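# Close look at the chain arrangement
Listed below, chain by chain, are the residues.
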Amino acid sequence: LTTLYGRLIEIERSLDFVKEQTPLPGWMNGFPTYSMWWMIILGDYYERTGAKLYVQRQLSYLEGLIQQMDTCVKEDGALAYPFLFVDWPTHETPYAEQGGRAINIMAIKRAIALLKAFDRDTTLAEDILSRLLKVEIDCGDKKQVIGLKYFAVGINEEEKKLLVEGNARGMSTFMSYYILKAVASFDRAKAVEMMKEYYGGMLNMGATTFWEDFDIKWLNNSCPLDEIPQKGKRDIHANNGAFCYKGLRHSLCHGWSSAPTAFLAEEVLGIKILEPGCKKVAIRPRLGNLSFAKGTYPTPYGVVTISHTKLADGTVKTEVDAPAGVEIVR
C-alpha cells in the first residue's frame, strides 16, 4: 500500500488494531510469524514514510516482542515456537520451520535497525540474531524459502539455479515478492519473465485482484473465472485450494499476494530509498527486455514521476520529476 499511496492512516490503524488485540505475551492471530511480519512492516513503513512519532509509539511493544523471541530462540539456535507459518504450499512441511527461521532473522534485523534509529538498546536483539545465525537454513527446492533466505542471510549459486528452474513453477503468492527480488539480484530480465508468466497466468484465468494462492499447474484444463465451468474442465476456483480454504473459500482478493506493485517500482523503475522518509532516493532503471516504463512513487513530500525509454543504442533515457525535499541520486 505504501508503494501506491505512501503514508496512510489505514495502515497505522491496522498495525495499532492488531497490536491492541494482541496483548503480550500473545502472538498476533495466534501465529508467531505474524508478529514478526508486524516488526518487518513497521521497519518498512518507517523507511518509506519517516513517520517518526508514530513508530516511536510502537517501540515498547516491539521490545516486548523481542523478549518473547528471546524465550523461543535457544542458545544453540534451535527454535521453540509453537509452530511457524510461511505460506500455504509449505504449511505442515519441514520447510515451514526453515522459512520461519529466515523470517525470524529478517524481523530481528529490522528491529535492530529501528532500535538504533531511535537510540534504544540493541543488546538483546543482537544476541538473538547471533543465536539464529548458528543454524543453517535448509531451503530444499522451495523457492519461497530460498527467497526469504536471500533477505535473511543471502543465497549461494546452487540456490540461484533452483530459483529459476522451471521459471514460475513452484512460485508462491505470499512469498512472490521475495522470490522475484532474489532472482532480480542476479537476473532482472528473468525475474520479470517469471512475474509475467505467474501473474499473467492468473490474469488469463480472469483475475482482477490478487489471489490468496495460485499454482501454474492450475492452468491445465481449467475454465477461467469469467466463464461458466464446462463439462470436462476444472473450475479454477472451486477445484483448487487446500487446508482451510478448500473450494470456494479460496480468497480471490488477498493483499499478501500483491508483490508486483512493489517489485515493479523497485526493480523496473529502479527506486531505492536511501534515507528514511524518502529524503534521498536512488533511481536506477532496470528495464530488462522492456523498451519503456513509466510510473509514480509517493513520498511524504509529494509524488515522484519517473519514465524510462530504451534508446536504439541500448542506453536508457530517464526523466524524473521530484518534489522539493526529495534528493534524487542516479
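Refer to the preceding data block for the structure.
Residues numbered from 1 in each chain as written. Predicted model: local features only at pLDDT ≥ 70, side-chain atom pairs only at ≥ 80, totals over all residues. Heavy atoms only, no water.

Another aspect to go through is helix α3 (residues 32–49). Here α3 spans 26 Å end to end across 18 residues, near enough to the 26 Å set by a 1.5 Å rise per residue. Along α3, 14 of the 18 residues are buried, which leaves the element largely enclosed by surrounding structure. Just downstream of α3 lies Gly-50, where phi reads positive at about 65°. (Helix = DSSP H or I, 4+ residues; strand = E, 2+ residues; numbered from the N terminus. Expected span 1.5 Å × (residues − 1). Buried < 20%, exposed > 50% of the residue type's maximum accessible area, 1.4 Å probe, protein only.)

Moving on, we get to the sheet that holds strand β4 (residues 280–283). Pairing in this open sheet of three strands is mixed, and the strands run β3-β4-β8 from one edge to the other. If you trace the sheet from one side to the other, it starts and ends with β3 (271–273) and β8 (327–329), each paired once. Neighbour-to-neighbour, the strand axes of the sheet open up by a mean angle of 30°, direction not taken into account. The pairing of β4 with β8 spans three bridges and is classified as parallel. Bridge pairing in β8 places Lys-280 opposite Glu-327. (Pairing = 2+ DSSP bridges. Axes fitted to C-alpha atoms, helices over the stretch in contact; angles between N-to-C directions.)

Once that is clear, we can look at the pattern of salt bridges. Counted under the stated rule, the structure contains 20 salt bridges. Between Asp-70 and Arg-131 there is a salt bridge, with the nearest N and O atoms lying 2.6 Å from each other. With Asp-70 in helix α5 (residues 59–72) and Arg-131 in helix α7 (residues 123–132), this pair connects stretches of sequence that are 61 residues apart. The class of Asp-70 is partly exposed, set by a relative accessible area of 27%. (Salt bridge = Lys/Arg side-chain N within 4 Å of Asp/Glu carboxyl O.)

Covalent bonding between the sulfur atoms of two cysteines is what defines a disulfide. Counted according to the given criterion, the structure contains zero disulfides. Cys-244 takes part in no disulfide bond, and the closest cysteine sulfur, belonging to Cys-253, lies 17 Å away. Residue class for Cys-244 comes out partly exposed when judged on its relative accessible area of 42%. (Disulfide = S-S within 2.5 Å.)

With an omega of 15°, the peptide bond between Leu-24 and Pro-25 qualifies as cis. With respect to the helices, strands and loops of the structure, Pro-25 is situated in the loop between α2 (9–20) and α3. Even without being a glycine, Asp-119 presents a positive backbone phi close to 55°. Relative to the elements of secondary structure, Asp-119 occurs in the loop between α6 (95–117) and α7.

Our next topic: the pairing of strand β5 (residues 292–299). Bridge count for β5 against strand β6 (residues 302–310) is eight bridges, and the pairing is antiparallel. The partner of Ala-293 across the bridge, within β6, is His-308.

In a beta sheet, neighbouring strands are held together by backbone hydrogen bonds and run either parallel or antiparallel to one another. The three strands lie next to each other as β5-β6-β7, forming an open sheet whose pairing is antiparallel. The sheet is open, and its two edges are formed by β5 and β7 (316–321), each paired on a single side. Direction aside, neighbouring strands of the sheet carry axes that sit 15° apart on average. Sheet topology note: the β6/β7 ladder contains six bridges and is antiparallel. Residue Thr-309 lies in a different strand from β7, and its bridge partner there is Lys-317.

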